[in-house]
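Structure at a glance
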Amino acid sequence: MKSEVKKKLDKNFAVRELRNSSIDLSVLKRYKDYAKTLARIHNGIVVLSDLTANWSYTYLGAISQRFHIPSDENKLEINSIWEDFLLERVYHDDLTVKHTLELQFLNLVKKKNDEERFKYQANSILRVEGKDGQTIVMAHQIFYLNTHSTEFPQLALCSYTILPETEIAGHPRNYILNQVTGAIYSLEGNESKTSISVREKEILNCIKRGMISKDIAKKLGLSINTINRHRQNILQKLRVRNSHEAVRIFNTVHQEVTDKI
C-alpha cells in the first residue's frame, strides 16, 4: 500500500503539463551516458527517471550482485519512475523518511528559479536487505536535471552507493544540500523516525558499553528475562542477527544511542 507521502509525490509527477511535455532526445542520451558512467565508476546503482514518460533507465554497478540481480545484467528499463525492485528491499522506516525528504526537496526546488534549482541535491541513508538477509547500509542521492525546458521537473537522477562506516559522527543523515553554498536543509520533523523505543535505546547504549544482560538488568532495575525480550525485539526491528550488528546499524543510520542514561 502506498504511503500518503508517496501519493503526494506521484501526484506532483503526474500533472498534465509535465506528462504532455517531452525531452530532447540528445539531452536524454547525454544523461543516460552519464548515469551509465556514474554506476560504473562508483560500482553502485544509478536510476535515471523520465518523469514525462513515466519510465526509468537503471544502470547496475558491481554492488548489484549483492541483491540477487543476475551478474550479466548491467541495465534495466522500467515502466515506472520508481525502482521498486530495490525500494521493496528498503526497511520501512527508512523508506518513509526517504519519501518525506524527497517531497520536501521537490517543494523546495520548485520555488527556485531556473538558475538556482539545479544546485541542490537530497541525501538519505537507507538500510537495504541483500542476499541471505544481510543488511546493507547505503547512501542515496537524488538530483533534478536541467533539460532546458519550461516544464519542471522532467528528469531525476538517483544514485545508491555503499555508506562508509567511518562517516563523521554528528553529520546529518537525511538532508538537502546546496552544492554551491554548502547550506544544509535538515529534514523537517524527526529525521530519525524509528520503531525502536526509548527503553530499547537505553539497552542498545548499554550493549555498546560492553554490558551483559545481567548488568543491564541491574542498572535499569529490570529482570534478565525482560532485558532478553527487549534484546530480541531490537534484533527483529533492526533485522539483524546479533547485538553487535544492532548497535552498528542503529548508530550508523540514526545516531541516537548516547552515553546520557
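A separate point is helix H3 (residues 25–42). Here H3 contains 18 residues, and its C-alpha end-to-end distance of 26 Å stays within 8% of the 26 Å for a straight helix at 1.5 Å per residue. Every buried residue of H3 is listed here: Val27, Leu28, Tyr31, Ala35, Leu38 and Ala39. One face of H3 carries all of its buried residues, which in axial projection span an arc of 105°. The exposed residues of H3 that point more than 90 degrees off its buried face are Leu25, Lys29, Arg40 and Ile41. Close packing links the buried residues of H3 with strand E1 (45–50), strand E2 (55–60), strand E5 (135–145) and strand E6 (155–162). Positive backbone phi, at 55°, marks Asn43, one or two positions downstream of H3.

The next point concerns the pairing of E5. When you tally the buried positions in E5, you get ten out of eleven residues, the bulk of the element. The pairing of strand E4 (residues 120–129) with E5 spans eight bridges and is antiparallel. Considered in E5, the bridge of Ala122 is made with Ile142. Taking the residues that link successive antiparallel strands as the turn, the E4-E5 hairpin has five residues, and the phi of Asp132 there is positive, at about 55°. Pairing analysis gives eight bridges linking E5 to E6, with the strands arranged antiparallel. For Gln141, the partnering residue across the bridge sits in E6 and is Ser159.

We now examine the sheet that holds strand E8 (residues 184–186). Hydrogen bonds along the backbone pair up the strands of a sheet, which may run parallel or antiparallel. Pairing is antiparallel across the open sheet formed by eight strands, whose spatial order is E3-E2-E1-E6-E5-E4-E7-E8. Each having just a single partner strand, strand E3 (75–78) and E8 make up the two edges of the open sheet. Across this sheet, the average inter-strand angle for adjacent strands is 20°, counted without regard to direction. Inspection of the sheet shows E1 paired to E6 by six bridges, in the antiparallel sense. For Asp50, the partnering residue across the bridge sits in E6 and is Leu155.

Our focus in this paragraph is the environment of Ile41. Tracing the backbone shows Ile41 in helix H3. The spacing of Ile41 and Gly61 is 20 residues in sequence and 8.0 Å in space, taken between C-alpha atoms.

The rules behind the values
Residues numbered from 1 in each chain as written. Predicted model: local features only at pLDDT ≥ 70, side-chain atom pairs only at ≥ 80, totals over all residues. Heavy atoms only, no water. Helix = DSSP H or I, 4+ residues; strand = E, 2+ residues; numbered from the N terminus. Expected span 1.5 Å × (residues − 1). Buried < 20%, exposed > 50% of the residue type's maximum accessible area, 1.4 Å probe, protein only. Arc of directions from axis to C-beta. Contact = heavy atoms within 4.5 Å. Pairing = 2+ DSSP bridges. Axes fitted to C-alpha atoms, helices over the stretch in contact; angles between N-to-C directions.

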